[in-house]
Amino acid sequence: MTNPTPPPARRALGSSGLTVPPLAYGCWRFAGSSVDEARARIETAIGAGLDLIDTADIYGFGGAGFGAAEELLGAVLRADPGLRDAMVLATKGGIRPPVPYDSSAPSLRAAIDASRRRLGVDVIDLWQVHRPDVLTHPAEVAETLVWAVTSGAVRTVGVSNYTPPQYEALRVHLAGTPVRLVSTQPEVHALALAAVDDGVLDLAVRDDLVPLAWSPLAGGRLGDGVVAADAREAAVHAALDDIAARETTTRSAVALAWIMFHPSRPVPIVGSNRPDRIRAAADALRVSLDRTDWYAVARAAGRPQP
Ligand SMILES: NC(=O)c1ccc[n+]([C@@H]2O[C@H](COP(=O)([O-])OP(=O)(O)OC[C@H]3O[C@@H](n4cnc5c(N)ncnc54)[C@H](OP(=O)(O)O)[C@@H]3O)[C@@H](O)[C@H]2O)c1
């Protein structure tokens, strides 16, 4: 009944020399606020140890506009240049409305250059293909990723929302090059268990990828004080709340700790815009789970457990 995973700690991001923390901060909901508000969130995240900052070129689309989240983060970095070296800066590209996906070489090269301009940085620490474009041959994506790293535009590369076969196809085309994938970014939380069973997290274990877990509170549905929308959510809330009472913490902290318990050591990307909640997310590091707890939450979510 002991915890099979090591306690949350920093880990290497491939062979880049960079290390990443057990919790990250994400900028999907970031655009549309003032530079001061945005700066407070980034400073709070870094201060709480959430110093992997994940954004994307498309964040802001539908609201403040395509590129707006990167531009705002760029403005924060201009306001406080010391923040750049205090973070691992991750972004993504490859979604191009209204196409919607384009991983062709010209598209990804342009996306990487545009992200660097908006962020105001020479080099992006981790650049990720945001979603697979099934119309681009993986050999072409591999070639672009090799260009991105060898040109010095990015330090490391990863994928997001790739199925295991899509990941394998790209990995094969990177074999023999100086570049390897260092991360994968699936949706992972107690209401979205696909990555646990479809091989995404197993491949992360095999290849020592950092799994970045997106929407770790199910977009807020596993948040504190949130009322369940259906019986499944109610069951998951009850399972998380039982553990939270025992651990004298919150439902959201347990929800994050539950993700981190998997042996692939997923890094939940905290998405709150509120500094108090960003700070409180670090409570997840103090939650002590065992395998009975993990399976109880999975069972409450309806995961088959014969
Ligand atoms: N790769 C992809 O395709 C993909 C897709 C989606 C997201 N992402 C990444 O994942 C990150 C996080 O996603 P997300 O924003 O959906 O994360 P999330 O944490 O699942 O959801 C955030 C939402 O929950 C609310 N919330 C946060 N903490 C709460 C708490 N303790 N109690 C109650 N409500 C709470 C937030 O509201 P407040 O702001 O008011 O706290 C916000 O509306 C993104 O920023 C992005 O980096 C990646």
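This text follows the structure it describes.
Quick look at the structure, then. (Residues numbered from 1 in each chain as written. Predicted model: local features only at pLDDT ≥ 70, side-chain atom pairs only at ≥ 80, totals over all residues. Heavy atoms only, no water.)

## Topic: the side chain of serine 272
Right, on to step 1. Locating serine 272 in the fold gives a position in the loop between strand 10 (267–270) and helix 10 (275–281).
Right, on to step 2. There is a polar contact of 2.9 Å between the side chain of serine 272 and the backbone nitrogen of arginine 274.
Right, on to step 3. Ignoring any residue separated from it by four or fewer positions in sequence, one finds serine 272 in contact with Tyr25, Arg277 and Ile278. (Helix = DSSP H or I, 4+ residues; strand = E, 2+ residues; numbered from the N terminus. Polar contact = N/O pair within 3.5 Å; in protein donor to acceptor, adjacent residues only side chain to side chain. Contact = heavy atoms within 4.5 Å.)

## Here's the deal with the sheet that holds strand 5 (residues 88–93)
Paired through their backbone hydrogen bonds, the strands of a sheet run either parallel or antiparallel.
Right, on to step 1. Taking strand neighbours around the barrel as the criterion, the eight strands line up as 3-4-5-6-7-8-9-10 in a closed arrangement whose pairing is parallel. Between one strand axis and the next, the sheet turns by 30° as a mean value, whatever way the strands run.
Right, on to step 2. As paired strands, strand 3 (residues 24–26) and strand 4 (residues 52–54) are joined by three bridges and run parallel to one another. The residue of strand 4 that forms the bridge with glycine 26 is aspartate 54. (Pairing = 2+ DSSP bridges. Axes fitted to C-alpha atoms, helices over the stretch in contact; angles between N-to-C directions.)

## Focus: the packing of helix 3 (residues 105–119) against helix 4 (residues 138–150)
Right, on to step 1. Direction vectors running N to C along helix 3 and helix 4 enclose 30°, while the axes themselves pass 9 Å from each other. On the basis of the axis angle, helix 3 is roughly parallel to helix 4. For the element pair helix 3 and helix 4, the recorded crossing hand is right-handed. Contacts between helix 3 and helix 4 pair Ala105, Pro106, Leu108, Arg109, Ile112 and Asp113 from the former with Glu140, Val141, Thr144, Trp147 and Ala148 from the latter.
Right, on to step 2. Classifying every residue of the contact of helix 3 with helix 4 gives seven nonpolar, one polar and three charged. (Parallel < 35°, antiparallel > 145°, perpendicular 65-115°, else oblique. Left-handed = near helix turned anticlockwise from the far one by under 90°. Nonpolar A, V, L, I, M, F, W, Y, C, P; charged D, E, K, R; others polar.)

## Some remarks on the site of the ligand
Right, on to step 1. Lining the immediate environment of the ligand, one finds 28 residues, of which Arg29, Asp54, Ser215, Ser272 and Asn273 sit closest.
Right, on to step 2. One of the side-chain N or O atoms of serine 215 is found 2.7 Å from an oxygen atom in the ligand.
Right, on to step 3. One nitrogen or oxygen atom from the main chain of leucine 217 is found 2.8 Å from an oxygen atom belonging to the ligand.
Right, on to step 4. Partitioned by chemical class, the residues of the shell around the ligand number eight nonpolar, 13 polar and seven charged. (Near = heavy atom within 4 Å.)

## Some remarks on the packing of helix 8 (residues 231–247) against helix 9 (residues 251–260)
Right, on to step 1. As a packed pair, helix 8 and helix 9 sit with axes 8 Å apart at the nearest point and diverge in direction by 100°. The orientation of helix 8 relative to helix 9 falls into the category roughly perpendicular. The segment helix 8 lies against helix 9, with His237, Leu240, Asp241, Ile243 and Ala244 engaging Arg251, Val254 and Ala255.
Right, on to step 2. Grouping the constituent residues of the contact of helix 8 with helix 9 by class yields five nonpolar, one polar and two charged.

## What to know about helix 11 (residues 291–300)
Right, on to step 1. Of the residues making up helix 11, those classed as buried are Asp293, Trp294, Val297 and Ala298. Around the axis of helix 11, the buried residues are gathered within 130° of arc, so they sit on the same side.
Right, on to step 2. Each element contacted by the buried residues of helix 11 is listed here: helix 6 (194–197), helix 8 and helix 9.
Right, on to step 3. Capping the start of helix 11 is the job of one residue whose side-chain oxygen sits 3.0 Å from the backbone nitrogen of threonine 292: aspartate 290.
Right, on to step 4. Following helix 11 by one or two positions, glycine 302 has its phi on the positive side, about 90°. (Buried < 20%, exposed > 50% of the residue type's maximum accessible area, 1.4 Å probe, protein only. Arc of directions from axis to C-beta.)

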